[in-house]
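Structural description and commentary
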Amino acid sequence: MNFDPTTAPQVPADDPRDPAPAPAAARSGLFNADLEDRTPAGIAAAVSRRIRSGAIEPGSRLPTVREVARELRVSPATVNQAWRALAATGAIVARGRAGTFVGKHTTVRATAPTGRYQRLHPPSDSAFRIDLSRGTPDPRLLPDLVAVLRTVTEQGRGNDLAADYLGEAVLPELAAKVRTDWPFRAERIAVVDGALDAIDRLLAAHVRLGDAVAVEDPCFPPFLDLLARIGARPIPVRMDESGLLPDDLERARGVAALILQPRAQNPTGVSLTAARIRELTEILTGTDTLVIEDDHSAGIAATTLRSLGSRLPSRTVHIRSYSKSHGADLRLAVVGGPAEVLDPMIERRMLGPGWTSRLLQRLLLTMLDSDEAVRTVAAARTEYRRRSTELRRALVRRGVAVARGDGINLWLPVADENAAMISLAAAGIKAAPGRPFEVEDHPLGDHLRITVAAIAHGELDWVATELATATTAAPTYRRVRRA
């Protein structure tokens, strides 16, 4: 979708979201004067200079992308790219149908802002007895990578890849392997450097500044960081035990994209049901919404995969990550979907990294074909399920009800997030705060994300007791919420 606020109704002058009309940035010659470099970088730099100098006042409404493109005699895509770069620094802010405005702070940030993901995992010491904040698998449950490397070496299957710049970007044997259980018929298969790499590239190719993108609420924080970087607007869609709420998605109907995790959702552990897939399909049918599915817990999730691609294959891109099942440092995810959607991403990638190491692809393929590695992944899936079930039961015995979920995380309701974090820290337990996962500023309740994968068998009762205590911890100060 192209970003052009003039094609949609404007927010009324008496709209409470915009109580005072913002000064309009002067149109004539504002962007044309002394502008020799009309590349996206040159345009972004010129606008940034005018904002810092005060030539464009804070809060001013900017001309539309098409107006600037006509003035500079460049394509709207060029201006769009410049606008996205400015939005990433906080210099300008897209307000949907109201238009694009200069940020309230006139000093453009020299460095990138701290994102939600950074807040979720700040640098810290190792003083905690146990770290339940990371959201990562138990390394002891991963396949033996040394054995796999030995197998590849003994078979001599690595040397044939070492000097080939022009070979297939995806090993044909790996593509054939993953197609056997792909959730729908994918026109194109690609291999990228992890699920977030795939989502980043898809958003860059298909989402524009000011576009609305529906996300689960709560959702994985890097999704919100990525949307903020490109100036897209996250639209929260709440969930219940069956997945995304149809009524919420109906209100978001027509968004440019929908990002979801179809099973073992991070942080809640929720998985889509077959009935919910049918309901969501009815809402999405007839729209141009791009569906991006992140199956981040493939291999270790116990729930059957339900994919919107089974009903909307022409608008769905499915991503299967192998980080939690086979090892994070492989940095591998397989992407499958319509050629119309994936080809622009693949072609752009050829101008950068080109392809994901075929040696790493060979390692993954060897593990997928190895009976020992398959048994190891299956055992990990069973063990994670056991840990999760036992922790939930232990919490219930201590008077704390937690919704059932899949995967390696648990979404723990607490009376006060900060007080709960302090209570756990005093006991030597590090947890992940819930706020970075929340899309809206004022969630209905506080939560912590607890990674059950990190809990050893002998620690479960102690951890459950401390978690139960933390759920009722109260702040020692009066809590003030911003209006």
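From a predicted model like this one, the values you see are computed outputs, not experimental measurements.

1. Structural notes on the layout of surface pockets
Taken as a whole, the second largest pocket encloses approximately 1,100 Å³ of empty space. P218, M239, D240, T268 and V270 are the residues nearest the centre of the second largest pocket, which is lined by 42 residues in total. Put simply, the parts of the chain that give the lining of the second largest pocket at least two residues each are β6 (233–240), α9 (246–251), α14 (371–397) and β12 (409–414). A class-by-class count of the residues in the lining of the second largest pocket yields 17 nonpolar, 11 polar and 14 charged.

2. As for the environment of A87
You can see A87 is positioned in helix α3 (residues 76–89). What makes A87 buried here is its relative accessible area of 12%. The spatial distance from the C-alpha of A87 to the C-alpha of T100 is 9.5 Å, given a sequence separation of 13 residues. With sequence-adjacent residues up to four places away left out, A87 is seen in contact with I92, L209, A228 and G231.

3. As for the packing of aromatic side chains
Using the criterion set out here, one finds 2 aromatic pairs in the structure. Note on F220 and F223: the rings are 5.5 Å apart at their centroids and 90° apart in plane angle, and the pair reads as edge-to-face. Grouping residues by exposure puts F220 and F223 together as buried. R95 extends its terminal NZ or CZ atom over the ring of F101, reaching a point 4.1 Å from the ring centre.

4. Examining the packing of helix α1 (residues 40–53) against α3
The description of two helices packed together rests on the angle between their axes and the distance between the axes. Contact geometry of α1 with α3 gives a least axis separation of 8 Å together with a crossing angle of 50°. As the angle between them shows, α1 and α3 are arranged oblique. The two elements α1 and α3 cross, and the hand of that crossing is right-handed. Residues P40, I43, A44, V47 and S48 of α1 pack against T78, V79, Q81, A82, W83, A85 and L86 of α3. Its residues assigned to classes, the contact of α1 with α3 shows 9 nonpolar, 3 polar and no charged.

5. Overview of unusual backbone geometry
Here the bond from D217 into P218 is cis, since omega is 5°, no more than 30 degrees from zero. Looking at the element boundaries, P218 is found in the loop between β5 (212–217) and α8 (221–230). Cis geometry is adopted by the peptide bond preceding P267, which originates at N266 and carries an omega value of 25°. With respect to the helices, strands and loops of the structure, P267 is situated in the loop between β8 (257–260) and α10 (274–284).

6. Concerning the pattern of salt bridges
Side-chain pairing between opposite charges can occur once the charged atoms of the two side chains come close. Tallying each qualifying case throughout the model produces 21 salt bridges. Residues R386 and E383 are paired through a salt bridge, measuring 2.6 Å at the closest nitrogen-oxygen approach. Residue R386 and its partner E383 are located together in helix α14, separated by 3 residues, close to a single helical turn. Two residues, R385 and D406, come together in a salt bridge whose shortest N-O distance is 3.8 Å. Placement of R385 in helix α14 and of D406 in the loop between α14 and β12 is noted, with a sequence separation of 21 residues between them. Taken together, the salt bridges that share partners define one network made up of D138, R140, E383, R386, R387 and E390.

Here is what the cut-offs are and how they apply
- Residues numbered from 1 in each chain as written.
- Predicted model: local features only at pLDDT ≥ 70, side-chain atom pairs only at ≥ 80, totals over all residues.
- Heavy atoms only, no water.
- 1 Å grid on protein atoms, 1.4 Å probe; cavity = no way out; pocket = protein on both sides within 12 Å on 5 of 7 lines; lining within 4 Å.
- Points joined across faces, edges and corners; volume = space filled by probe spheres on them.
- Helix = DSSP H or I, 4+ residues; strand = E, 2+ residues; numbered from the N terminus.
- Nonpolar A, V, L, I, M, F, W, Y, C, P; charged D, E, K, R; others polar.
- Buried < 20%, exposed > 50% of the residue type's maximum accessible area, 1.4 Å probe, protein only.
- Contact = heavy atoms within 4.5 Å.
- Phe/Tyr/Trp six-rings, centres within 6.5 Å; stacked < 30°, edge-to-face > 60°.
- Lys NZ or Arg CZ within 6 Å of the ring centre and 35° of its normal.
- Axes fitted to C-alpha atoms, helices over the stretch in contact; angles between N-to-C directions.
- Parallel < 35°, antiparallel > 145°, perpendicular 65-115°, else oblique.
- Left-handed = near helix turned anticlockwise from the far one by under 90°.
- Salt bridge = Lys/Arg side-chain N within 4 Å of Asp/Glu carboxyl O.

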